[in-house]
Amino acid sequence: MENYKVKDQEFKELQAYNIKASLHFSNAGGVYLANKNNRKVVLKEGRAHAGLDSHGLGGFERIKKEYYYLNKLQDIDQVVKVYKYFEVWKNNYISEEYIEGNNLMDFLNANYPFIDKTNLYAEKCINIITKLIEIVKLIHSKGIAIGDLQPENIIVLKGGKDLKIIDFESAKSLKDKYAPGISTPGFYSRYSVNYEAADWFALFKITRYLFLPIEAGTELAPDVIANQDAYIKKKFGKRAILTLDRTKVLAAQYTNITPKSPYYNKYLRIPKIPLEVKNIKNNVHAVEKGIIRYMDFKSPSLIKGDIKQFLEPFGVFSVSNGAFGAILALLNSGRLTGDLLNKVEEWIANNKKKIEKLVKQEPLQEGLYTGYTGIAMILAKMGKEQLAENIMLQVNDLDTNDISINSGLAGIGLSTLSYFCLTDNKRYLSLSEKIADHILQIFNNSKIRESLPGGLINGWLGASLFLWKMYMIEKKGDYKKFAIDILNYVIKKRIEIKDGSAFMKDDTIGPNRLAPYLDIGSEGVPLLILEFKNDDASFALSEQMSEVLKYTLATNKTLLTYMDSLFTGFTGLIVLDEALARVDHNYKKQNLNDKLNALNIYLISTDGTDILVPGRYGYKCSMDVETGASGLLMVLNDINTTHCNSWIPLVESKKSHVFDF
């Protein structure tokens, strides 16, 4: 077969553009910032037979369709201008105007008042929605629907007063039966009868999202809408609710605005007893009931969890997303007794060979939350010392640059150190020392150091915690020094103070994103400082530490995050409130109650008597630690007891404890 040689002439049209940067890239084709005749343009590329949608159409066909519909809308100023369509070799391109501004999602991320109550943001949103309604009406007057109306396809122009709609790859005629090839989770309904209805439903969901940017769970339990609307009204006032009601009425003319989740055959409810400090015992029992009710003792996963159950080697068993996370949560809450304990022990016996096989399977998965060391810790806590020992004996592969507590060296090190304190077996102390030395080697390599996250569960703060605990056991000054050095490095290089709050800079969730969370966010900084002070009363805060501590504590007053989860959501923020309630006599316990009250906008129930947690995207419930009910149970149980660390899968002893405030 002869190689096909592309003639230079075929590229002549494309070579007229000086491509400056890639704005977006996928297998369907790229989106590029380019310059032609001293004018900035956006160049969209479509590749033939690539990036297929649910109808089998590739990027090439969608670009052709977008050009067709944009041509029909060129007299509408609020629609992106299209300049030219051309084909080069097997690809096609359209050139469009370059728009100065930010998409609506970036606008929300930059402006949403997660901590403060403010009317300025609400007024901006009301203006945006009012304009968006008129734009949709204008586009519809041409007999055309947008098809995939969502925040990233709406540009807020520089200055913030006007909008433009981009991306018409999914555009269709208004009355065409709604059967999307591409759609955006959270902003479409499979119950829309046609594309006109789909646009109005999307506009309604965009409005809700601007005022309440969370995984709403409304497809699972429409009853939760009342709690969410009360939150919106309290935070933004009556005009926000009136604007939301306006888009609700518009959408309801065309489609069901509370579509049912495709994964459930009936709507769920909301808990009869709301989360509050005074109700905490009842709340704990309700979460326990929700987990136990849906346990499947014939399944290796035991619980319904995040998709990671099926993507990671230890997913079905892991502490983070699988069975042992739920077992730990129920063990710590005191519910793992009697018949339930018998069933769990039978489940462990039935899955023992599968676990032991996975432990030895390459590549080894030793992580505390994602692998077998966390499972060994839980087995030891349950009194299954021999099985725990058999698993811990496999720990030896330390050739990784993953320094995290979640899946890497810090978590493995904490498990071996904890196991040494439990068994007094010097093998595990030696392993801990090797892990500590390896972490220090990585920290001293600036290129690797700067490439890794800064947070507690998935970054450098976790490594700092492990080294500190090494110091507390061995009393070697170097460990203490490096633990503090790493904390100072994170504070200096990763923490950004903005508008009276401090956040962790982390590019793993998007360019220039700032996070407050437990895993990759700023919450780990005050927790680590409190731990250092709790272990060593002589530990003195530097001026910079004191400043960052003040601002991270201010950040923790936020009453909203996108998810309600332990690691990357709202539940995790409560961990710091619990710690402060124990160590700071000036802490206002009302702050903790406010947090619990705010959680009610997320939570749902089977019949009102249990508590369930919506997982990612709000379409299914999750019972796991990372994203679901087991993580919530651990945090609520700590409020109900003298503990503050149920969420850490370690065996505690007199010599070894973590966050035991």
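Report follows, based on the coordinates. Predicted model, so just to flag it, every value in this text is computed and none were measured. (Residues numbered from 1 in each chain as written. Predicted model: local features only at pLDDT ≥ 70, side-chain atom pairs only at ≥ 80, totals over all residues. Heavy atoms only, no water.)

### Here we look at the sheet that holds strand β9 (residues 163-165)
Note the threshold: If DSSP finds at least two bridges between two strands, the strands pair. Helix and strand assignments follow DSSP, with helices taken as H or I runs no shorter than four residues and strands as E runs no shorter than two, numbered in order from the N terminus. Geometry is summarised by axes, namely lines fitted to C-alpha atoms with helices restricted to the contacting stretch, and by angles between N-to-C directions that run from 0 to 180 degrees.
Pairing is antiparallel across the open sheet formed by three strands, whose spatial order is β6-β8-β9. What marks the edges here is a single partner per strand, and that holds for β6 (101-103) and β9. Neighbour-to-neighbour, the strand axes of the sheet open up by a mean angle of 30 degrees, direction not taken into account. Of the strand pairs in this sheet, β6 and strand β8 (residues 154-157) are connected by three bridges, and their pairing is antiparallel.

### Topic: the nonpolar core
Note the threshold: Only buried residues count toward a nonpolar core, which is a set of Ala, Val, Leu, Ile, Met, Phe, Trp, Tyr and Cys residues joined through side-chain atoms within 4.5 Å. When a residue's accessible area, from a 1.4 Å probe over protein chains only, is under 20% of the maximum for its type it is buried; when over 50% it is exposed; and in between it is partly exposed. Contacts are assigned to residue pairs with any non-hydrogen atoms lying within 4.5 Å of each other.
Ranked by size, the top nonpolar core spans 201 residues in total, and within it I139, F324, L456, W460, L467 and W647 carry the most contacts. In terms of residues, this core owes the most to one element, helix α4 (residues 119-140), which gives eleven residues. Each residue touching L456, except ones within four places of it in the same chain, is listed here: I405, L461, G462, L465, L518, D519, G524, L527, W647 and F659. If you look at the next biggest cluster of nonpolar residues, it comprises nine residues, including Y17, Y32, A34 and L43.

### Some remarks on the layout of surface pockets
Convention followed: Here a cavity denotes a set of grid points, spaced 1 Å apart and computed over the protein atoms alone, in which a 1.4 Å probe fits but from which it cannot get out, and a pocket denotes an open set meeting protein on both sides within 12 Å along at least five of seven lines; residues with an atom within 4 Å of a point are reported as lining. Grid points are joined across faces, edges and corners, and a volume is the space filled by probe spheres set on the points.
Taken as a whole, the second largest pocket holds about 790 Å³ of empty space. Of all the elements in the fold, those that place two or more residues in the lining of the second largest pocket are α6 (224-236), α20 (543-555), α21 (570-583) and α22 (589-599).

### Details of unusual backbone geometry
Across the junction of E362 and P363, the peptide omega takes the value -10 degrees, indicating a cis bond. Topologically, P363 is positioned in the loop between α11 (338-359) and α12 (372-381). One non-glycine residue, W89, lies in the positive phi region at around 55 degrees. With respect to the secondary-structure elements, W89 resides in the loop between β4 (82-88) and β5 (91-97). Even without a glycine there, the phi angle at F659 is positive, about 50 degrees. Structurally, F659 can be placed in the segment after α23 (629-640).

### Comments concerning the packing of helix α15 (residues 426-443) against helix α18 (residues 477-493)
Each pair of packed helices can be summarised by the angle the axes make with each other and by the distance between the axes. This is how the line gets drawn: Here is the rule for angles: anything less than 35 degrees is roughly parallel, anything more than 145 is roughly antiparallel, 65 through 115 is roughly perpendicular, and the remaining ranges are oblique. Left-handed describes a crossing whose near helix is turned anticlockwise from the far helix through less than a right angle; right-handed describes the clockwise counterpart.
Following both chains from N to C, one finds α15 and α18 inclined at 40 degrees, their axes separated by 12 Å at the closest point. Between α15 and α18, the interaxial angle falls into the category oblique. Seen from above, α15 lies across α18 with left-handed handedness. Residues E433, A436, D437, L440 and F443 of α15 form the contact with α18, whose participating residues are Y479, F482, D485, I486 and Y489.

### Observations concerning helix α17 (residues 460-474)
We apply this condition: In a helix, the anticipated span is given by 1.5 Å times the number of residues less one.
In this model, α17 (15 residues) spans 21 Å end to end at C-alpha, consistent with the 21 Å of a helix rising 1.5 Å per residue. Judged by how many residues are buried, α17 sits mostly within the fold: 13 of 15 residues are covered. Downstream of α17 by one or two residues, K475 has phi in the positive range, about 60 degrees.

### Digging into helix α7 (residues 238-252)
Relative to the 21 Å expected for 15 residues at 1.5 Å per residue, α7 spans 21 Å between its end C-alpha atoms, a close match to the ideal helical length. Within α7, the full set of buried residues consists of A240, I241, T243, L244, T247, L250 and A251. Considering only its buried residues, α7 is in contact with α4, α5 (195-211) and α6.

### Some points on the packing of aromatic side chains
Formally: Note on aromatic pairs: the rings of Phe, Tyr and Trp (six-membered ring only in Trp) are paired at centre separations within 6.5 Å, and the planes decide the class, stacked below 30 degrees, edge-to-face beyond 60, tilted for the rest. When the NZ atom of lysine or the CZ atom of arginine is within 6 Å of a ring's centre and also within 35 degrees of its normal, the charge is said to sit over that ring.
Taken as a whole and assessed by the stated rule, the structure comprises 28 aromatic pairs. An angle of 40 degrees between the planes, with centres 6.0 Å apart, marks the rings of F659 and F661 as tilted. Accessibility classification places F659 together with F661 in one group, the buried group. Linked through ring pairs, F107, Y112, F114, Y121, F211 and F236 together constitute an aromatic cluster. Here R39 stacks its cationic end above the ring of Y83, 3.9 Å away from the centre of that ring. Its end group placed over the ring of Y471, K475 keeps NZ or CZ at 5.2 Å from the ring centre.

### Details of the environment of P213
Among the secondary structure elements, P213 is positioned in the loop between α5 and α6. For the pair formed by P213 and Q590, sequence separation is 377 residues and the distance between their alpha carbons is 24 Å. In contact with P213, other than residues within four places in its own chain, are L108, Y112, F114, L560, T561 and Y562.

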